[in-house]
Amino acid sequence: MPKFKYITYAEAINEALDLSLKKDPNLLCYGLGVSDPKEVFNTTKNLQKKYSSERVFDIPCSENALTGVGIGCAIKKCRVVMTHQRLDFSLLSLDQIINNASKFYYMFNKKIRVPITIRMIVGRGWGQGPTHSQSLQSIFSHIPGLKVVMPSNANDAKKLLISSIFDDNPVIYIEHRWLHEQKGRVEKGFTKKKISNANILKRGKDLTIVASSHMTTEAIIAGKILQKNNIAAEIIDLRSIKPLDFKKIEKSISKTKRLIILDSGFSFGSIANEIISSVHIRSYKLLKHQPIKISMPDCPVPTGFSLTKNFYPDYKRIIFECEKMFSKKISYEKNKNQLHDVPNKEYLGPF
Amino acid sequence: MPKFKYITYAEAINEALDLSLKKDPNLLCYGLGVSDPKEVFNTTKNLQKKYSSERVFDIPCSENALTGVGIGCAIKKCRVVMTHQRLDFSLLSLDQIINNASKFYYMFNKKIRVPITIRMIVGRGWGQGPTHSQSLQSIFSHIPGLKVVMPSNANDAKKLLISSIFDDNPVIYIEHRWLHEQKGRVEKGFTKKKISNANILKRGKDLTIVASSHMTTEAIIAGKILQKNNIAAEIIDLRSIKPLDFKKIEKSISKTKRLIILDSGFSFGSIANEIISSVHIRSYKLLKHQPIKISMPDCPVPTGFSLTKNFYPDYKRIIFECEKMFSKKISYEKNKNQLHDVPNKEYLGPF
Amino acid sequence: MVIIIGLSLKMKISAKIVSQIYYQILRIREIESRISKEYTEWKMRCPVHLSIGQESVAAPLSVLFKNKKYEVLSGHRAHAHYLGKGGNLFKLISEIMGKSTGCSGGRGGSMHLIDKDVGFLLSTAIVANSIPVAAGVALSKKIKKEKGLALVFFGDGAIEEGVFYETINFSIIKNLPIIFICENNKYSVYSNLDVRQPKNRKIHKMVEKIGIKSVFSNGLNAIEIYQKFLYAKNYVERKNKPIFLEINTYRYLEHCGPFDDDNLKYRPKKEIDFWKKNDPLTFLEKKYDKILNKKKINNYKNKISNEINLSFNKAKRSKYPKSSIKDKEIYA
Amino acid sequence: MVIIIGLSLKMKISAKIVSQIYYQILRIREIESRISKEYTEWKMRCPVHLSIGQESVAAPLSVLFKNKKYEVLSGHRAHAHYLGKGGNLFKLISEIMGKSTGCSGGRGGSMHLIDKDVGFLLSTAIVANSIPVAAGVALSKKIKKEKGLALVFFGDGAIEEGVFYETINFSIIKNLPIIFICENNKYSVYSNLDVRQPKNRKIHKMVEKIGIKSVFSNGLNAIEIYQKFLYAKNYVERKNKPIFLEINTYRYLEHCGPFDDDNLKYRPKKEIDFWKKNDPLTFLEKKYDKILNKKKINNYKNKISNEINLSFNKAKRSKYPKSSIKDKEIYA
Ligand SMILES: Cc1ncc(C[n+]2csc(CCOP(=O)(O)OP(=O)(O)O)c2C)c(N)n1
Ligand SMILES: Cc1ncc(C[n+]2csc(CCOP(=O)(O)OP(=O)(O)O)c2C)c(N)n1
Ligand SMILES: [Mg+2]
Ligand SMILES: [Mg+2]
């Protein structure tokens, strides 16, 4: 029997939830919409039917209280996965996340643990606009006691979700709406992946590109173009933002001496800075060229179709920076005129 | 008549509020305790008596709604100063601050403005503990549309508060509890200071030290010790974290070629990284020595007396780093055994 | 002088008012229907939450609260309130299409509308988060001694957010001039009230106990809604106190998007049929058949159809805005 | 079988219970008083919110809820609840002194107490934010089919935070086994209820309308409080539903710190006098003079005094913890 199957990111999440609910009879899974007909973009498909409405349930519009409820369950060893259909909605619950969940283990002298996983989905495109598309991993990773993961592919989505659920700490698990339909080769069964291990997606000696979540998609496209132009990029997928696998980055840049970081967050205060700063502090003379930060502009995300065009950094930005970095013209076929505000041709709004 | 007077940081804030309330008859000033007998560490002293309980008032424990109320007033051109006795309490209102206040100007196409100032006081010492001493400027400055100021002395406290109030944007005004009783030479009258101008507190050619808020106190002590040891440090007080006066830093380091940054926030994702990263990106070969980041550890702040000893970075840390940086022994008299958890000898807890 | 604020439903209603209300309901219905129809050309590339079925909640705005001194705020389902308040149709459609001529310059989209010129202050996309903002608007009116009041519209889901209670409490303490309107359509996305709130709860009765005057209106009868709004307006203006209004109503289409979603079966067929059978337009046509005769209705339809055609065509021809992320776009 | 949960205050109270309640009130009083006294040696370097005057709210814990299956959560003013629940005095004092022997190892301080061994789950320092956590604890008990229930204590100020309403709503929907206890001392720091909530509001009546069973207890009579707790316990355990309990009470000292602050005059002298005149200890002594005779009281005092001396001395001799900021201290 093959050890793998070819499924989407959303299906992989669904499978992780399914296996975890089966494994741990005290695990709860809740959030707005988890048992509605759309089942959070199919990620919670059939779970209520399978595991009862005691354990898998829809909630009132009370993000703050339900986060506290999750923490209360968690300290009693009922693990919880809570879901926000948009990361932006979690801003209502930051008191619970920051003042409670992140601090309990330390401030109560290790006497209680808070194994809660909070899924947050980052929106993009089709007029998601300023309050449905924020990628605020910077905020969460600034807080000691939280872990933050951002899987970029179906296999990681599954394994990291299982690891997050069975981690004894609060984990912010950030999904990207544009990844849900992407297919990937996913290991079967109840498998985990250590949180804190970055993944080298492609080896290369000339340049290190660091990315995470949906940004890796752009890095991979750029990597192929660069390869054809005789530039061998090494692509590192962070997988988890906190803890951050800085060692793997350091090892890579001591070989390549060049660094580009992609970040889906706002530029000022982005995690890209954390990485660049660490490079500078630890080996400030290592790089042959200044490091490049490619992130979202410091601007709320507009809604309108024309306004989001060229708003998100993409592989073309990487190529552009590489042309400067390597002082050479890089040729590639421009993508056929695909619409910029949908992840694929099949996608029709509004969600 | 002298143009200056010698008053405390708290008195300076009080004066700024007083002058602003006088200037603008529609300005409101509210928050838990603004009209109680302690009047927010005397910063709101006499204001209710002077300007009526219509304009200066105590509120219910409803941080989230009252932030929204402030935004509603502000868009109608009633400016608002809201106060949190601890920054940590503002975490209840991040939906209003991030999803509303910061975005209205841009997302409503410049048709409304949100002139609200949110005062947040960072606690320290006397067992303030994990939820009464967080310095989360990183979180706020990550959000496009917000300004973040952190005055370090009485004169700046006054002028920056007036500027914040009369700025047409939402401003997060972060005070430090240990500065309230510090005296300083304060300009009289209704005076402002542009938000975005860092301040060179001391000139020097050998090393640039960047600090803000209470951290400048430590930088100044270190600066004097270094001077006696023939190291001329240039000390830059950021004043505002966002916008950040990067130019002044860049100018200084192109002279000194050495950089130490003090940050009162947690290390991971701190603003110190933003600065170091910018230096690296813009002039990556400039420094003669790797930049040094001195910040709070990535750990919740403990409560107990012994645990906070050596927890906060201080001037001794700066000296220690300078000894390495300049490869020389730096001599100084150790401070007489002052208690580490109070700002001054007169201070007795619990607040 | 004793002011008596009566709430008699036997109050005589003029033909003019019946016509105005009917017209506005019809207008909103036709506009939303056109949006629904044209949406499938996939040129309106942003989420839309249509108000078809719920129009009569917004209609009284056009009669009672047209003046700019009445300031309206709303949430994600705001088209009807924007239109009822006198918002410009062309600017609305432009906004949904992401054009520079949109009321928010294309930056906000369907969920972030603004038209200060007519007293439509703003709508936001996060459930319940414009409620305290509206209270702030009301407070500013008190401070500046402005006439009028604030109105804020939200759904039954918003009742579950803590900020709602905080705001009601504050508005009572400060005697704010504001009408809170809960448009109870029994659903939050696909979730029935049953899984979100205690069974048999009467929202207005619960809210009343917080200490605010509360009124309920049967949403089947647009004229009753009008009367309750009139009562609320008088109450706030004469008593200088806030008031809460619950109106039960029903959305015909899917939560978000242009289609109906009856195939998903999260709502009982009987329930849907009941509401459609008691559609506000048919209800008025029957009850006021003298006033609302065929000819009049046809006239209305023509007028509205013209307005719609003009606005849609103009919006389609309008330019897309250019993106700017300059500081001066983000900071005032 | 019909279960009748009566709430008759004429219920016969045994001498044992009166003594137990009295003893616990006295114990908490003496302990808090000693903290207040020794605080001015400035060795307890963390904020303390003392419960002197409010002890009778916590006392029933020691009689009714001692078992670990009853799990208590609290807020910033938690000493009494911790002690009532059987928390260890030495560990409490150590914690306030920042010693390694503290119940939270010196990391939490007075506002962050924990003692899982006796079912004191935790207290937190942010107003109202342990309320939903307690509901989560109750939910976990349901899921794991554990016996017992959760109890959460909070002040009248907490009623103003939105999360309170959200939690009550959720606890009703899920029929959670939990007792919410609002210790209404009329003040939040220096602010009277009048500036924070509608005049003449009865908190328990408002809360009842959210859909939860609500009970009020006169706080002057510790035995009535005990009875209401007993009622609440029976209600939750038999009906499998949550309940809300409001108790009016009064704090004698300043909000935070060891002193009284009557000099600040934010509370009317008459009010202070009224409560002190009706002090829970004197009240019980008078009403149950047969049971609570001089000799017994003196015995109690001696016993308590011994406990206090031992605990304080041991705590003083205990070591301060060493700081560690290693990852393994922060992540489990
Ligand atoms: C804080 C928050 N949580 C969740 C959402 C997602 N959401 C958008 S509309 C909606 C339904 C709200 O229901 P209701 O208030 O009854 O309004 P209706 O859609 O019925 O008009 C939800 C849950 C959101 N926008 N904000
Ligand atoms: C969210 C938040 N806001 C403000 C504070 C400051 N604070 C600490 S205790 C307190 C008073 C709360 O009053 P109440 O709930 O009645 O409790 P009491 O002190 O009377 O026991 C306040 C406002 C806080 N800790 N958390
Ligand atoms: Mg609804
Ligand atoms: Mg109180």
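Every value quoted in this text rests on a predicted model; they were computed, and no experiment measured them.

Chemist: Could you clarify how one ought to interpret the coordination of the magnesium ion (ligand 3) in this entry?
Modeler: Residue and element names in this part refer to chain C. The magnesium ion (ligand 3) binds to the protein through Asp156 (OD), Asn185 (OD1) and Tyr187 (O); the donor distances cover 2.0 to 2.1 Å. Counting the intervening residues between successive donors of the magnesium ion (ligand 3) yields the motif D-x28-N-x1-Y. Of this pair, Asp156 sits in the loop between strand 3 (149-155) and helix 6 (162-173) while Tyr187 sits in strand 5 (residues 187-188), and the two are 31 residues apart along the sequence. In this structure Asp156 comes out as buried when scored by relative accessible area, which is 1%.

Chemist: What's the story with the pairing of strand 1 (residues 70-74) of chain C in this structure? I'm lost.
Modeler: Two faces, one strand: in a regular strand the side chains alternate between the faces of the sheet. All names here are of chain C. Most of strand 1 sits inside the fold, with five of its five residues counted as buried. The alternating pattern of strand 1 places Tyr70, Val72 and Ser74 and Glu71 and Leu73 on opposite faces, both of which are buried. Sheet topology places strand 1 next to strand 3; four bridges connect them, and they run parallel. The residue bridging Tyr70 from the neighbouring strand is Leu149, located in strand 3. Relative to strand 2 (residues 120-123), strand 1 runs parallel, the two being bridged by three bridges. Residue pairing for strand 2: Val72 is matched across the bridge by Phe120.

Chemist: Which parts of the structure should I look at to understand the relation of the copies chain B and chain A?
Modeler: Two copies of a chain can be linked by a rotation about an axis combined with a shift along that same axis. Screw-axis analysis of chain B against chain A gives a translation of 0.0 Å along the axis, an RMSD of 0.0 Å, and a rotation angle of 180°. Viewed as a symmetry operation, the transformation between the two copies matches a two-fold axis. Residue Ser277 of chain B of chain B places its C-alpha closer to the rotation axis than any other residue of that unit, at 2.4 Å. When the interface residues of chain B are mapped onto chain A, 100% of them again fall at the interface, so both copies present the same face.

Chemist: It is not clear to me how the packing of helix 10 (residues 271-282) of chain A against helix 11 (residues 271-282) of chain B should be interpreted in this structure. Could you clarify?
Modeler: How two helices sit against one another is set out by the angle between their axes and by the gap between those axes. Packing of helix 10 of chain A against helix 11 of chain B leaves a shortest axis separation of 8 Å and a crossing angle of 65°. It follows that helix 10 of chain A is roughly perpendicular to helix 11 of chain B by the angle criterion. For the element pair helix 10 of chain A and helix 11 of chain B, the recorded crossing hand is left-handed. Along its contact with helix 10 of chain A, which presents Asn273, Glu274, Ile276, Ser277, Val279, His280 and Ile281 of chain A, the element helix 11 of chain B presents Asn273, Glu274, Ile276, Ser277, Val279, His280 and Ile281 of chain B. Taken together, the residues of the contact of helix 10 of chain A with helix 11 of chain B sort by class into six nonpolar, six polar and two charged.

Chemist: Can you help me understand the pairing of strand 10 (residues 207-211) of chain A in this one?
Modeler: Residue and element names in this part refer to chain A. Burial analysis of strand 10 places five of its five residues in the buried class, which makes it a mostly covered element. Burial along strand 10 is two-sided: Leu207, Ile209 and Ala211 facing one way and Thr208 and Val210 facing the other are all buried. Here strand 10 runs beside strand 11 (residues 233-237); their pairing, made up of five bridges, is parallel. Its bridge partner lying in strand 11, Leu207 is registered against Ala233. Here strand 10 pairs with strand 13 (residues 259-266) via three bridges, running parallel. By the bridge assignment for strand 13, Thr208 is matched with Leu259.

Chemist: In this structure, what is going on with a positive patch on the surface? I would like to understand it.
Modeler: Together, Lys202, Lys205 and Lys209 of chain C together with Lys202, Lys205 and Lys209 of chain D make up a region of like positive charge exposed at the surface. At the level of elements, helix 7 (203-210) of chain C together with helix 8 (203-210) of chain D are the ones that each hand at least two residues to the positive patch. For Lys202 of chain C, a relative accessible area of 48% gives the class partly exposed.

Chemist: What is the right way to look at the site of ligand 2 in this model?
Modeler: Surveying the vicinity of ligand 2 reveals 20 residues, the closest of which are Glu63 of chain B together with His76, Arg77, Asp156 and Asn185 of chain D. Around ligand 2 the close residues trace back to chains B and D. In the environment of ligand 2, an oxygen atom lies 2.8 Å from a nitrogen or oxygen atom belonging to the side chain of Asn185 of chain D. Interatomic distance of 3.5 Å between a side-chain N/O atom of Ser188 of chain D and an oxygen atom of ligand 2. Looking at the shell around ligand 2 residue by residue, the classes come out as 10 nonpolar, six polar and four charged.

Thresholds applied
Residues numbered from 1 in each chain as written. Chains lettered and ligands numbered in written order. Predicted model: local features only at pLDDT ≥ 70, side-chain atom pairs only at ≥ 80, totals over all residues. Heavy atoms only, no water. Donors = N, O, S within 2.8 Å, 3.2 Å for Na, K, Ca; no water. Helix = DSSP H or I, 4+ residues; strand = E, 2+ residues; numbered from the N terminus. Buried < 20%, exposed > 50% of the residue type's maximum accessible area, 1.4 Å probe, protein only. Pairing = 2+ DSSP bridges. Least-squares fit on C-alpha atoms with pLDDT ≥ 70 in both. Contact = heavy atoms within 4.5 Å. Axes fitted to C-alpha atoms, helices over the stretch in contact; angles between N-to-C directions. Parallel < 35°, antiparallel > 145°, perpendicular 65-115°, else oblique. Left-handed = near helix turned anticlockwise from the far one by under 90°. Nonpolar A, V, L, I, M, F, W, Y, C, P; charged D, E, K, R; others polar. Patch = residues over 30% accessible without salt bridge, like charges linked within 9 Å, V, L, I, M, F, W, Y side chains within 5 Å. Areas by Shrake-Rupley, 256 points an atom, 1.4 Å probe, with all protein chains shown as cover. Salt bridge = Lys/Arg side-chain N within 4 Å of Asp/Glu carboxyl O. Lys, Arg positive; Asp, Glu negative; His and termini not counted. Charge placed at Lys NZ, Arg CZ, Asp CG, Glu CD. Near = heavy atom within 4 Å. Polar contact = N/O pair within 3.5 Å; in protein donor to acceptor, adjacent residues only side chain to side chain.

None of the figures reported here should be taken as evidence of function without further support.
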